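Here's the letter readout for the chains.
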Amino acid sequence: MATVILVRHGRSIANATGLLAGRAVGVSLDQFGRDQAAHTGDRLAAVPLVAVVSSPLERCQQTAQHILDRQAGTPYAPVDPDLTECDYGQWQGRTLTDLATEDLWPLVQSQPSAVVFPDGESMAAMQARSVAAIRRHDAALEAEHGPEAVWAAVSHGDIIKSILADALGMHLDLFQRINVGPASVSIVRYGAGRPSVHATNTDAGDLSWLSKGIHSGDAPVGGGAGHKTP
């Protein structure tokens, strides 16, 4: 299969003030977030992406544009509602410090698979739709561009954490062990037998080794020699 680079949007004005933005419109990147997104775009400039798929929310589309602006070619750039933020319902727009006093908060931390946000979405449904979207795009792009194709998906923290949990074979109840920072890069390849996670939550480092894709194969005993630079 192809290789997907999971990119979280840069820091937003809501992130900077401790608000849970959810699906609220008009939540853009702040200046620091724009700088983060530009840096991520620079990191990915050496990787010829066949597509940059984005959540429809403004902060993700802004981040995606920084990536697209630095690509030598013109990647396919659709918006996919299945990669949008979790519907936090009545929690949307409230501060994280306030939400931490809610009775539901400990369950979000310890048993997210049982969480349904008031008038919102369940975390299990959030994971199901986002994983299905990533796998659907990955299969379609591999069919069109070949198994060495590399593409990016720009989405949100909880969405990317849930996708990584699935790729790692982790129960959703363990996904809070994963960290995904603003504008971070994580890398997954969906092989014929199982997914392979090549990086999580990186915000620095050369990615040019991805320019020719990741070759499929069995996991090397002992860890192998690592990737080759182009």
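Below is a summary of the structure that appears in this document. (Residues numbered from 1 in each chain as written. Predicted model: local features only at pLDDT ≥ 70, side-chain atom pairs only at ≥ 80, totals over all residues. Heavy atoms only, no water.)

1. Examining the overall build of the protein
Phase 1 of the analysis: When helices and strands are tallied, the protein shows seven helices and five strands.
Phase 2 of the analysis: Ordered by position from N to C terminus, the α and β elements of the protein give β-α-α-β-α-α-α-α-β-α-β-β.
Phase 3 of the analysis: Its C-alpha radius of gyration of 17 Å places the protein within 12% of the 17 Å reference for a compact globule of 230 residues.
Phase 4 of the analysis: Reported as C-alpha extents along the three principal axes, the dimensions of the protein are approximately 50 × 35 × 30 Å. (Helix = DSSP H or I, 4+ residues; strand = E, 2+ residues; numbered from the N terminus. Rg over C-alpha atoms; globule rule 2.2 N^0.38 Å.)

2. Considerations on the layout of surface pockets
Phase 1 of the analysis: Approximately 630 Å³ is the volume found for the second largest pocket.
Phase 2 of the analysis: Along its surface, the second largest pocket is lined by 30 residues, and R8, L20, Y88, L96 and D158 are the ones closest to its centre.
Phase 3 of the analysis: Looking at the lining of the second largest pocket, the elements that each hand over two or more residues are α1 (13–17), α4 (96–99), α5 (105–110) and α7 (157–167).
Phase 4 of the analysis: Taken together, the residues of the lining of the second largest pocket break down into 13 nonpolar, twelve polar and five charged. (1 Å grid on protein atoms, 1.4 Å probe; cavity = no way out; pocket = protein on both sides within 12 Å on 5 of 7 lines; lining within 4 Å. Points joined across faces, edges and corners; volume = space filled by probe spheres on them. Nonpolar A, V, L, I, M, F, W, Y, C, P; charged D, E, K, R; others polar.)

3. Notes on the nonpolar core
Phase 1 of the analysis: Counting residues in hydrophobic clusters, the biggest one holds 36 residues, and the most contacted among them are V4, L6, F117, M123, I134 and W151.
Phase 2 of the analysis: Every element with two or more residues in this core is listed here: β1 (3–8), α6 (123–145), β3 (150–155), α7 and β4 (185–190).
Phase 3 of the analysis: In contact with I134, not counting residues within four places along its chain, are V4, L6, L83, W151, A153, I163 and Y190.
Phase 4 of the analysis: With 20 residues, the next largest nonpolar core counts L44, V47, V52 and V154 among its residues. (Core = buried A, V, L, I, M, F, W, Y, C linked by side-chain atoms within 4.5 Å. Buried < 20%, exposed > 50% of the residue type's maximum accessible area, 1.4 Å probe, protein only. Contact = heavy atoms within 4.5 Å.)

4. Overview of unusual backbone geometry
Most peptide bonds take the trans configuration, and most residues that are not glycine carry a negative phi.
Phase 1 of the analysis: The backbone of A183 sits at a positive phi, close to 65°, despite the residue not being glycine.
Phase 2 of the analysis: Among the secondary structure elements, A183 is positioned in the loop between α7 and β4.
Phase 3 of the analysis: Looking at A183, the relative accessible area reads 3%, which means it is buried.
Phase 4 of the analysis: A positive phi angle, near 55°, is found at N201, a position not held by glycine.
Phase 5 of the analysis: With respect to the helices and strands, the residue N201 is situated in strand β5 (residues 195–202).
Phase 6 of the analysis: Given a relative accessible area of 30%, N201 falls into the partly exposed group.

5. Some details on helix α3 (residues 58–69)
Phase 1 of the analysis: Given a rise of 1.5 Å per residue, twelve residues ought to cover 16 Å, and the 16 Å separating the end C-alpha atoms of α3 matches this to within 8%.
Phase 2 of the analysis: The complete set of buried residues in α3 reads R59, C60, T63, A64, H66, I67 and L68.
Phase 3 of the analysis: On its buried face, α3 is in contact with β1, α2 (31–44), β2 (52–54) and β3. (Expected span 1.5 Å × (residues − 1).)

6. A look at the sheet that holds β1
Whenever strands of a sheet pair, they do so through backbone hydrogen bonds, lying parallel or antiparallel.
Phase 1 of the analysis: The five strands lie next to each other as β2-β3-β1-β4-β5, forming an open sheet whose pairing is mixed. Pairing within the sheet leaves two strands with one partner each, and these edge strands are β2 and β5. On average, each strand axis in the sheet is inclined to that of its neighbour by 20°, with strand direction left out of account.
Phase 2 of the analysis: Against the sheet, α3 engages β1, β2 and β3, with an angle of about 170° to β2.
Phase 3 of the analysis: Helix-sheet contacts for α6 involve β1, β2, β3, β4 and β5, and the interaxial angle to β3 is about 155°. (Pairing = 2+ DSSP bridges. Axes fitted to C-alpha atoms, helices over the stretch in contact; angles between N-to-C directions.)

7. Side note on the state of the cysteines
Phase 1 of the analysis: Across all of its chains, the model carries zero disulfides by this definition.
Phase 2 of the analysis: Not engaged in a disulfide, the cysteine C60 finds its nearest cysteine sulfur in C86; these two sulfurs lie 14 Å apart.
Phase 3 of the analysis: Take C60: its relative accessible area is 0%, and that puts it in the buried class. (Disulfide = S-S within 2.5 Å.)

8. Quick word on the pairing of β4
Phase 1 of the analysis: For β4, the buried fraction is high: six of the six residues fall into the buried class.
Phase 2 of the analysis: Burial along β4 is two-sided: the face carrying V185, I187 and R189 and the face carrying S186, V188 and Y190 are both buried.
Phase 3 of the analysis: Note that β1 and β4 share five bridges and pair antiparallel. Paired with T3 across the two strands is R189, which belongs to β4.
Phase 4 of the analysis: Across five bridges, the pairing between β4 and β5 is antiparallel.

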